[in-house]
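Overview (structure and organization)
One-letter residues, chain by chain:
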Amino acid sequence: MTQTQIPDQMTAVVLDSYSGAEALRVEQRPVPKPGKDEVLVKVAASPINPSDLAFLDGNYGFDNPPPVVPGGEGSGTVVAVGPGAMGRYFLGKRVACLSNGERDGIWAEYVVASTQGGVFPLNKSVSLEQGAMSVINPLTASAFLEITKDGGHKAIVLTAAASALGQMVNRLGRSEGVQVINIVRRDAQVELLKDQGATVVLNSSDVDFDRQLHDACHQYDAHLAFDAVAGPMTGQLLKALPENSIVTVYSCLSHKAPQTNVDQIIFQGKTITGFWLGPWLYSNKNLLQILMLWRRSQKLIGTDLRSEIRVRYPFQETKKAVQEYTSQMTGGKVLLKPTA
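Description of the structure in this document. (Residues numbered from 1 in each chain as written. Predicted model: local features only at pLDDT ≥ 70, side-chain atom pairs only at ≥ 80, totals over all residues. Heavy atoms only, no water.)

Description of helix H4 (residues 136–150)
- With 15 residues, H4 should reach 21 Å at 1.5 Å per residue; the first-to-last C-alpha distance of 21 Å fits that figure.
- Burial within H4 is extensive, with 12 of its 15 residues counted as buried.
- Those residues of H4 lying buried are Ile 136, Asn 137, Pro 138, Leu 139, Thr 140, Ala 141, Ser 142, Ala 143, Phe 144, Leu 145, Glu 146 and Thr 148.
- Phi turns positive, to about 75°, at Gly 152, one or two residues after H4. (Helix = DSSP H or I, 4+ residues; strand = E, 2+ residues; numbered from the N terminus. Expected span 1.5 Å × (residues − 1). Buried < 20%, exposed > 50% of the residue type's maximum accessible area, 1.4 Å probe, protein only.)

Next up, the structure:
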């Protein structure tokens, strides 16, 4: 293993139990060592995503026994590598990194990542801060547009549309000629998206929301919805969509299981599916295709796939950062960094 000025100890954010932000603490831990086809990344930044909040509550696809380091994605520089040709390729490079759930996450000064889909080289034009946010949301937005086009859809419905991911989907949709029917919860979010060029934005708090949603779905012949909310919202989407439509659930912001009327499934040919980025990538694409998707997304990081940063916190203030993000999930990303 090649290494340069790597300390023995590092600062890491640790989750003691799956009970939310109150279970977070900061401690000193040994710096991990990369094994075969793995690299050691000196972390520069990591965002807080909705998936991270789900992880903190024990509601995500990973169930590592605590104490565990959270953090789904981030960026940094590869400072050491284990055996294997791919590791040597990444040595010294700036990368985005992704947690696969098999080891600790990214909220630490150093993290070990796999060369098989755990690290992606950053373009020179992409900063480490933007690079920290360049995997989960950008590739998910790209996947949604690919699913839309492959299915021959000209319009989609999108819940939680004012989120960072929702804004990316809107920008890509306008570029690709796809009509997005946006669903948000507050008037301020309606104005936010309309100021950015969205033409159809519905407030789910309006008393006649169900009628508005039905009319929009039929006006634009929308047969596909991407739902981040689940719970009753899934049923509202299915009811509003025409026959033979699909609702793809990709998050659970309501903390409730998707709800629907069985008649819609049996007699109207409507379907509920799920989406999780990692399995979608590796079941639909080979390594070369994933790298091509990554390169395309890197070119758009400064435009359609950009993320706004609202505030930065050092790892020592992670609990406060999570609490702020939980209270306000729109208006820019909350970014964690090893130091202020």
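Back to the text.
Section: unusual backbone geometry
- A cis amide bond links Pro 66 to the next residue, Pro 67, at an omega of 5°.
- Assignment of secondary structure puts Pro 67 in the loop between helix H1 (50–56) and strand S5 (73–81).
- With phi around 60°, Asp 37 is a residue other than glycine that occupies positive phi space.
- Structurally, the position occupied by Asp 37 is in the loop between strand S3 (24–30) and strand S4 (38–47).
- In this structure Asp 37 comes out as partly exposed when scored by relative accessible area, which is 22%.
- At Ala 230, a residue that is not glycine, the phi angle is positive and equals roughly 65°.
- Mapped onto the elements of the fold, Ala 230 is located in the loop between strand S12 (224–227) and helix H8 (232–240).

Structural notes on the pairing of S12
- Side chains of S12 alternate between two faces, with Leu 224 and Phe 226 and Ala 225 and Asp 227 buried alike.
- Where strand S9 (residues 155–158) and S12 come together, 2 bridges link them in parallel fashion. The residue bridging Leu 158 from the neighbouring strand is Phe 226, located in S12.
- Here S12 runs beside strand S13 (residues 246–249); their pairing, made up of 4 bridges, is parallel. Considered in S13, the bridge of Ala 225 is made with Val 247.
- Following the chain from S12 across H8 to the adjacent parallel S13, one finds a crossover that is right-handed. (Pairing = 2+ DSSP bridges. Right-handed = clockwise from strand over helix to strand, strands pointing away.)

Considerations on the sheet that holds strand S11 (residues 200–203)
- Pairing within the open sheet is parallel, and its 6 strands lie in the order S11-S10-S9-S12-S13-S14. Whereas interior strands pair on both sides, the edge strands pair on one side only; in this sheet they are S11 and strand S14 (271–274). Along the sheet, successive strands turn relative to each other by an average axial angle of 20°, direction set aside.
- Across the sheet, H4 lies against S9 and S12, angled at about 160° from S12, the strand it touches most. (Axes fitted to C-alpha atoms, helices over the stretch in contact; angles between N-to-C directions. Contact = heavy atoms within 4.5 Å.)

Some points on the packing of helix H7 (residues 209–219) against H8
- In the contact formed by H7 and H8, the axes pass within 8 Å of each other and the chain directions differ by 45°. In terms of orientation, H7 and H8 fall into the oblique class. Taken as a pair, H7 and H8 cross one another with a handedness that is right-handed. Along the contact surface, H7 presents Phe 209, Asp 210, Leu 213, His 214, Cys 217 and His 218, while H8 presents Met 233, Gln 236, Leu 237 and Ala 240.
- By residue class, the composition of the contact of H7 with H8 is 6 nonpolar, 3 polar and 1 charged. (Parallel < 35°, antiparallel > 145°, perpendicular 65-115°, else oblique. Left-handed = near helix turned anticlockwise from the far one by under 90°. Nonpolar A, V, L, I, M, F, W, Y, C, P; charged D, E, K, R; others polar.)

Structural notes on the packing of H4 against helix H10 (residues 277–284)
- At their nearest, the axes of H4 and H10 sit 10 Å apart, and the two run at 55° to each other. Here H10 runs oblique to H4, going by the angle between their axes. Crossing hand, H4 versus H10: left-handed. Here Ile 136, Leu 139, Thr 140, Ala 143, Glu 146 and Ile 147 of H4 lie close against H10, whose contacting residues are Leu 277, Trp 280 and Leu 281.
- In terms of residue class, the contact of H4 with H10 is made up of 7 nonpolar, 1 polar and 1 charged.

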